[in-house]
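# Reading the structure
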Amino acid sequence: MWSLSAALSLLLLLQAPPCRLQSLSPVKLRLVGPGSRPEEGRLEVLYQGQWGTVCDDDFALREATVACRQLGFETALTWAHSAKYGQGEGPIWLDNVRCMGTESSLDQCTSNGWGVSDCGHSEDIGVVCHPQRQRGYLSERVSNALGPQGRRLEEVRLKPILASAKRHSLVTEGAVEVKYEGHWRQVCDQDWTRNNSKVVCGMLGFPSEAPVNSLYYRKAWNLKMKDPKSRLKSLTQKNSFWIHRVNCLGTEPHMANCQVQVAPAQGKLRPACPGGMHAVVSCVAGPRFHPAKAKPGHKESRAEELKVRLRSGAQVGEGRVEVLMNHQWGTVCDHGWNLISASVVCRQLGFGSAREVLFGAQLGQGLGPIHLSEVRCRGYEQNLSDCPSLEGSQNGCQHENDAAVRCNVPDMGFQNQVRLAGGRGPEEGVVEVQVEVNGVRRWGAVCSDHWGLTEAMVACRQLGLGFANHAIKDTWYWQGTPGATDVVMSGVHCSGPELALQQCQRHGPVHCSHGSGRFAAGVSCTDSAPDLVMNAQLVQETAYLEDRPLSQLYCAHEENCLSQSADRMDWPYGHRRLLRFSSQIYNLGRADFRPKTGRHSWIWHQCHRHYHSIEVFTHYDLLTLNGSKVAEGHKASFCLEDTNCPTGLQKRYACANFGEQGVTVGCWDTYRHDIDCQWVDITDVGPGNYIFQVVVNPQYEVAESDFSNNMMRCRCKYDGHRVWLHNCHTGDSYRANAELSLEQEQRLRNNLI
């Protein structure tokens, strides 16, 4: 029989009103279950450092909606009772959850209280969310997906054993070490598989693993164990030296997603690795990280084979995902986008697994079609095209849903070979590099001769500080590090994709015309940048010819907007034949486009009575089909302003009254066809078929996140009386190459290829 006190306790529990949970910050939720769909699974809650489940009693659509919104989805589609997604482990944290539907997190709803439940794990609730992410939901990181052990299992590394491996700065083979609860441990090789190796290599930035000569390593291990001077034998007898067992499928983005058993089931009573040794892994670096082994022409041919690329990322291995389909590049919608699918992209590009996926065009909006949506990779695929998916147009995706990724990349040690000194903050200063001088590594400055935005971009990338805001040649106002003011690097010329300044071309013996001191190279870095793109369709629709009298072209002639033959004409008699068009330039980046210099440096042009904030803002060229230039024009940015902005976005820049100039993110600047210099002078051009080309920001005066889309090209037919433009497209939307360097981009524009 029950005691009286037990009966009273039960009565009080049944009559207790539902309580509202008190917490300083929203608890973390996650969805767990078979398959790779991020929007459905068993609902689990993290409380007091431990994950637990939620009972299905009273749980319905309103509760599921609150949970889905907290997880970053738009809403819930349904819920699933009776452990449809499998029975969980650990405590059942919540029971009898009741929500109004307006709460921002599940712990704001009423329930029995933390851990108060009469349920078993057969009643674990599951939810199915709508795959559409909320506008404010930015990304999913590996750390968001880690299990209870993931809070302690932090990172992995390879400890080189072979003498040849120790000599290389990039370690690709060695014993696996795992950082667990702040301490490094070795992993027992018993039951170690190639799938485990693949996960380790992916975390370290390598796309694949290679077989290991286990007999050699076992022999070396045995010799070490017999060595009386070695501490290895005594260390291996301690369970704190080992991770007992790891079991991965090979698709996990992080080892913490695998089944990891730190100690044997019997705990301290049983040795963690009896008779075994440390697990050894050999990884294969992607082509970008072992250029010495690449054969001539190999990189280019490989680039042509790739059907996927990353755009607008500040660092190597990150960017908006674009795929080549039907001979045209397009984007991927973020509906259903997750770490497993993103890891397939990363490995396909020669990087490791994905460490973060980004939603909502966090790395800028793309152009052209949205090729894919609801990508469902299992993780075993070699290419993204092998994964099931829908067409992007099937579920209402817009470019504001463009998916992006940040991949794990190998640590080459370059970030430790550059630093900034003297700036007002950590993102600016004099560039100081570490190089080898007469066999000794020393720090010093970089000569500012030929120092430009391309070199500054590489420096900021190497520093891990994003994009270059300014390349600074005169740094007298910044004090360098004492003892590191001598110039140790000069003649630096980068092509664009380098990982470090040390990889750029430079002088052998240092030669700097200015010497050291005030003319050392400096940079200002930023984590976001603008991205200007020409509206190709508008150019195609507005092009026409005009025979304009010379009497109306004096100002245009003064600003060099006519061909050189105009100098030899009998002014003001005669006319010039002009190919006129309107241009609309969008800023699709993540920062406003601003002139390089402030208003105090703008140039006043008396004839047109306006200021030029950038002397050459666009180039207009007419080319033959083989690329020879037959006519050209240019446009100074006499007025950079927000001509139009989408609904809800405020205009910030206007030229009136000597106002601030620029183009706000999401807005566009329009140059009408009827203003001066908005043309190409084709007076000297004969009838024929041509290419019409427009390049925005051609001299890279202002940093952008993606220079590859600054060029627009059209096919042009001119019969001597009329002109037709057709097939206008932006940048590299039809180019087979996945990636060109900035130097190659410039050569392409200047018809040197």
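Along every chain, residues carry numbers that run from 1 in the direction the sequence is written. This being a predicted model, a pLDDT of at least 70 is required before a residue's local features are given, and a value of 80 or more before pairs of side-chain atoms are given or counted; all residues contribute to the totals for chains, interfaces and linings. Processing note: side-chain calculations cover all non-hydrogen atoms of the structure and skip hydrogens and water entirely.

Next up on the list: the sheet that holds strand β31 (residues 532-534). In this description, strands pair whenever DSSP reports at least two bridges between them. In this text, helices come from DSSP runs of H or I with a minimum length of four residues, and strands from runs of E with a minimum of two, each type numbered from the N-terminal end. Across the sheet, which stays open at both edges, the 3 strands sit in the order β31-β34-β39 with antiparallel pairing between neighbours. Each end of this open sheet is capped by a strand with a single partner; those strands are β31 and β39 (668-671). Each strand of the sheet is rotated relative to its neighbour by a mean of 20°, with strand direction disregarded. Bridge analysis of strand β34 (residues 583-587) against β39 gives 4 bridges, and the strand direction is antiparallel. Among the inter-strand pairings, I585 is bridged to a residue of β39, identified as D669. For helices, the fitted axis covers only the stretch in contact; all axes are lines through C-alpha atoms, and the angles between them, taken along N-to-C directions, range from 0 to 180 degrees.

Burial of strand β41 (residues 688-696) is extensive: 7 of the 9 residues sit out of reach of the surface. Summarising the sheet, strand β37 (residues 618-623) and β41 pair through 6 bridges and their orientation is antiparallel. What sits directly across from D621, in β41, is Q693. As judged from the 8 bridges shared by β41 and strand β42 (residues 711-718), these two strands associate in the antiparallel manner. The partner of Q693 across the bridge, within β42, is R713. Each residue's exposure class comes from its accessible area (1.4 Å probe, protein chains only) as a fraction of the maximum for that residue type: buried when under 20%, exposed when over 50%, partly exposed otherwise.

Attention now goes to the state of the cysteines. For the purposes of this analysis, a disulfide is any pair of cysteine sulfur atoms at a distance within 2.5 Å. Inspection of every chain in the model, using the stated rule, returns 15 disulfides. Each sulfur in the disulfide pair C188 and C273 lies 2.0 Å from the other. Note on the C188 and C273 pair: the S-S dihedral is about 70°, so by sign convention the disulfide is right-handed. Here C188, found in the loop between β12 (183-187) and α4 (194-203), pairs with C273, found in the loop between β16 (259-261) and β17 (280-284); they are 85 residues apart in sequence, far enough to count as distant. You can call C188 buried: its relative accessible area is 1%. In this structure C273 comes out as buried when scored by relative accessible area, which is 9%. Note that C377 is cross-linked by a disulfide to C387, the S-S spacing being 2.0 Å. Classification of the bridge connecting C377 and C387 rests on its S-S torsion, roughly 100°, and on that basis the disulfide is right-handed.

Attention shifts here to the environment of N697. Within the secondary structure layout, N697 lies in the loop between β41 and β42. In the structure, N697 is positioned 81 residues away from V616 in sequence and 7.5 Å away in space, judged by C-alpha atoms. By definition in these notes, contact holds between two residues if any of their heavy atoms fall within 4.5 Å. In contact with N697, other than residues within four places in its own chain, are F593, F617, V702, E704, F707 and N710.

As a further point, take the sheet that holds strand β33 (residues 575-580). Read from one edge to the other, the open sheet built from 3 strands follows the order β32-β33-β40, with strand pairing classed as antiparallel. At either margin of the open sheet sits one strand with a lone partner, and together these are β32 (544-549) and β40 (679-681). For this sheet, the mean angle separating the axes of adjacent strands, direction not counted, is 35°. Here β32 pairs with β33 via 6 bridges, running antiparallel. Looking across to β33, one finds that R548 is bridged to R576.

Now for the nonpolar core. Remark: nonpolar core denotes a set of buried residues (Ala, Val, Leu, Ile, Met, Phe, Trp, Tyr, Cys) joined through side-chain atoms within 4.5 Å. Grouped together as the largest cluster of nonpolar side chains are 57 residues, with contacts concentrated most on V176, W192, V246, M255, V332, W337 and L384. Ranked by residues supplied to this core, first place goes to helix α8 (residues 339-348) with 5 residues. Looking at this core, you find at least three residues from each of domain 2 (143-287) and domain 3 (308-408). With residues near it in sequence (within four places) discarded, M255 still touches L153, V156, V178, W192, V199, V200, M203, V246 and V260. One finds V539, F593, A631 and I682 within the second-largest nonpolar core, a separate group that totals 31 residues. All domain edges in this entry derive from an automatic or database-based domain assignment.

Here a salt bridge means any side-chain nitrogen of Lys or Arg lying within 4 Å of a carboxyl oxygen belonging to Asp or Glu. This model, assessed by the stated rule, comprises 31 salt bridges. Among the ionic pairs, D547 bridges to R577, the shortest N-O distance being 2.8 Å. Taken together, the residues D547 in strand β32 and R577 in strand β33 connect sequence positions 30 residues apart. What emerges from the salt-bridge pattern is a single network uniting R309, R311, R320, E322 and D706.

Within the sequence span of helix α2 (residues 61-70), burial applies to E63, A64, T65, V66, A67 and C68. Along its buried surface, α2 packs onto β2 (28-32), β3 (40-47), β5 (76-80) and β8 (126-129). In the stretch just after α2, G72 is the one whose phi turns positive, near 100°.

Turning to the environment of R69, a few remarks are in order. Looking at where R69 falls in the secondary structure, it is placed in helix α2. Sequence spacing of R69 and E103 is 34 residues, and the spatial spacing of their C-alpha atoms is 9.2 Å.

Before going further, it helps to spend a moment on unusual backbone geometry. Residues apart from glycine generally show negative phi values, whereas peptide bonds are mostly found in trans. Omega for the bond connecting W571 with P572 falls within 30 degrees of zero, at 0°, which places this linkage in the cis form. Following the sequence through the fold, P572 ends up in the loop between α11 (554-558) and β33. In this structure, H327 takes a positive phi of about 65° despite not being glycine. In this fold, H327 is placed in the loop between β19 (318-325) and β20 (328-332). Looking at H327, the relative accessible area reads 67%, which means it is exposed. Unlike most non-glycine residues, E374 shows phi in positive territory, near 50°. You can call E374 buried: its relative accessible area is 14%.

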